Amino acid sequence: MSVPAGQAQADGGLRATARIRAEADARGTSRLPVLDGEGPLAVRRIRSAGREARVALVGAMSAPLGGDRLTVSAEAGPGARLDVTSTAATIALPGQSKRPAHYDVRLSVEEGAELRWLPEQLISANGSELRVTTRAELASGARLLLREEQVLGRAGEEPGGLTSRLTVRCEGRVLLDQELACGPGAPGGWDGPAALAGHRAIGQLVVVRPDLAHAPVQPQMLGELAALTPLAGPGLLVTAVASDALRLRRVLDEAVRRVVP
Amino acid sequence: MNRATLLVLADGRFPAGGHAHSGGAEAAVAAGRIKDAADLAEFCRGRLHTSGLVAAALAAAAAVGVDPLELDEAADARTPSAALRTAARKLGRQMMRAARATWPSAELDALASVRPKGAHQPVVLGLAARSAGLGPEDAVYVAAYESVSGPATAVVRLLSLDPFDATAVLARLAPDLDRVAADAAECARRVPIEGVDALPASSAPLLDIGAEAHAAWAVRLFAS
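Since the model is a prediction, treat every value here as computed from it, not as a measurement.

Rules used throughout
Residues numbered from 1 in each chain as written. Chains lettered and ligands numbered in written order. Predicted model: local features only at pLDDT ≥ 70, side-chain atom pairs only at ≥ 80, totals over all residues. Heavy atoms only, no water. Pairing = 2+ DSSP bridges. Helix = DSSP H or I, 4+ residues; strand = E, 2+ residues; numbered from the N terminus. Contact = heavy atoms within 4.5 Å. Buried area = accessible area lost by both parts, 1.4 Å probe. Salt bridge = Lys/Arg side-chain N within 4 Å of Asp/Glu carboxyl O. Polar contact = N/O pair within 3.5 Å; in protein donor to acceptor, adjacent residues only side chain to side chain. Nonpolar A, V, L, I, M, F, W, Y, C, P; charged D, E, K, R; others polar. Axes fitted to C-alpha atoms, helices over the stretch in contact; angles between N-to-C directions. Left-handed = near helix turned anticlockwise from the far one by under 90°. Phe/Tyr/Trp six-rings, centres within 6.5 Å; stacked < 30°, edge-to-face > 60°. Buried < 20%, exposed > 50% of the residue type's maximum accessible area, 1.4 Å probe, protein only.

*Asks:* Teacher, can you tell me more about the pairing of strand β2 (residues 14-24) of chain A here?
*Replies:* On a regular strand, each side chain points to the face opposite its neighbour's, so the side chains alternate between the two faces of the sheet. Residue and element names in this part refer to chain A. Taken together, the two bridges between strand β1 (residues 7-8) and β2 define a ladder with antiparallel strand orientation. Across the sheet, residue Ala 8 finds its bridge partner in β2, namely Leu 14. Bridging between β2 and strand β6 (residues 69-76) involves eight bridges; their strand directions are parallel. Within β6, the position partnered with Ala 16 by the bridge is Leu 70. In terms of strand pairing, β2 meets strand β3 (residues 30-36) through five bridges, oriented antiparallel. Paired with Glu 23 across the strands is Arg 31, a residue of β3. In this antiparallel pair of consecutive strands, β2 and β3, the connection spans five residues, and Gly 28 shows a positive phi of 90°.

*Asks:* Would you explain the interface of chain A and chain B in this entry?
*Replies:* As a measure of interface size, the accessible area lost when the parts come together is often cited. Listed by partner, the interface residues are 35 residues for chain A and 31 residues for chain B. Across the chain A to chain B interface the summed buried area is about 2500 Å²; carbon plus sulfur atoms make up 62%. Where chain A touches chain B, the interface holds three salt bridges. Residues Arg 173 of chain A and Glu 73 of chain B are paired through a salt bridge, measuring 3.4 Å at the closest nitrogen-oxygen approach. Seen at the junction of chain A and chain B, the total is 15 residue pairs in polar contact (both at pLDDT 80 or more). For the side of chain A that touches chain B, the elements supplying multiple residues, two or more each, are β14 (161-170), β15 (173-182), β18 (226-230) and β19 (235-242) of chain A. Among the elements that make up the side of chain A that touches chain B, the one with the highest residue count is β15 of chain A (eight residues). Classifying every residue of the side of chain A that touches chain B by side-chain character gives 22 nonpolar, seven polar and six charged.

*Asks:* Which parts of the structure should I look at to understand the packing of helix α3 (residues 37-63) of chain B against helix α10 (residues 174-194) of chain B?
*Replies:* The packing of two helices is summarised by the inter-axis angle and the distance between the axes. All names here are of chain B. Direction vectors running N to C along α3 and α10 enclose 35°, while the axes themselves pass 8 Å from each other. Our pair here, α3 against α10, has a crossing hand that is right-handed. Taking contact as the criterion, the partners of Arg 45, Leu 48, His 49, Gly 52, Leu 53, Ala 56, Ala 57, Ala 60 and Ala 61 in α3 are, on α10, Asp 176, Leu 177, Arg 179, Val 180, Asp 183, Ala 184, Cys 187 and Ala 188.

*Asks:* Help me understand the packing of aromatic side chains, please; the structure alone is not making it clear to me.
*Replies:* A ring pair, where both rings are aromatic, is described by two values, the distance of the centres and the angle of the planes. Residues and elements named next belong to chain B. Scanning all chains against the criterion turns up one aromatic pair over all chains. Arranged with centres 5.6 Å apart and planes meeting at 15°, the rings of Phe 14 and Trp 103 form a pair that is stacked. Residue Phe 14 is located in the loop between α1 (3-10) and α2 (25-30), and its partner Trp 103 is located in the loop between α5 (82-102) and α6 (106-114); the two are separated by 89 residues in the primary sequence. Exposure class is identical for Phe 14 and Trp 103. Each is buried.

The structure is reproduced here in structure tokens:
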């Protein structure tokens, strides 16, 4: 299957968008009426054993590079269930352009739908500059399981500049709004004892489920460096830091086992 | 306005209960992340640029008259740790009592009646500044400075750190305080036009994780 190359911009950066939409058919099985990628953003359907639609983001070339503007939009229509993963970590690299790269993720979970957004890590390579925004909008009765992992630098390398803002809205109301800034160019203290204290892997796990509005989880520690906390609404958040990506994933996997029935 | 009013509001002895909170320093000391004045400086710098910036912007927005309930909801979304939301509301309630006694106003009364258990402290602080005739540029400084003076004072007690060293840490943060105050005021100016999404949402993972660990301790010196 050929993939459109994405549009080159005047300054050398690339503009590319991937779109995924799942819809439930009359028998309740989720289909993928929209599944489009371009350039570095290829998308593949994966065989599913259940009624959910499954998609993997496939890294088709090195991206994001400086100046790139990448957008992924994933929608689960009313009652649909969509699982999105990726086949490999995303690595932010320096590019020809001196401007930062932008990576925008737009998630929409419509009435009674469920989205599981579980991509691999984002690695901020030395010399790169990336701004990530992830926005999830949930309608009434919608469910979300979202994992984000940031790794600062490849093995033994200083990280690039990274800002990542995560916003989750339920029925128009903001449930979570959080921004992390690290690496060169980040405000002072980002690696100090209040923020990362030398840890090189940071993760968030967000669960939104209607029942959590009236039966919130109890706060709990998952080891010394990860905490599970109820949000002020129908959701919970696990925040974790670790020395490396492997240890981080172990903690977040354990968190998933505890909070996802 | 009277400039001296700012000194009353910013005074560490203003009876709003701040002295009982360490701003995450107690958890960081226990975890071995703060061992000396240099660690304290980095801790304060990190806190200032994250939760300090958010608090300052919330306070400034409240001081310019943005709906405090909308700001309170924005503060909830920016405070994912349940322990920190509880601490912020407890402090907000104490700030409310002190502010209503000091600078009574209909706006303070209105917020107190819909949030009897307390609104987020920075929102109440901003409204208190407004009731006292102060502006957003004053509110940002009080909130930003509080975000570092609390931990500095706490670490003097927790580590028996020399108070001169702790005060020197605060003095050296002055340029960062100016920058955060300016950024927060700028964000707050955009809120009446763009809505509360214009507020910063900067976070520090270990403050959130440490707050939950600390809340589970059986015995502690500070409330948060």
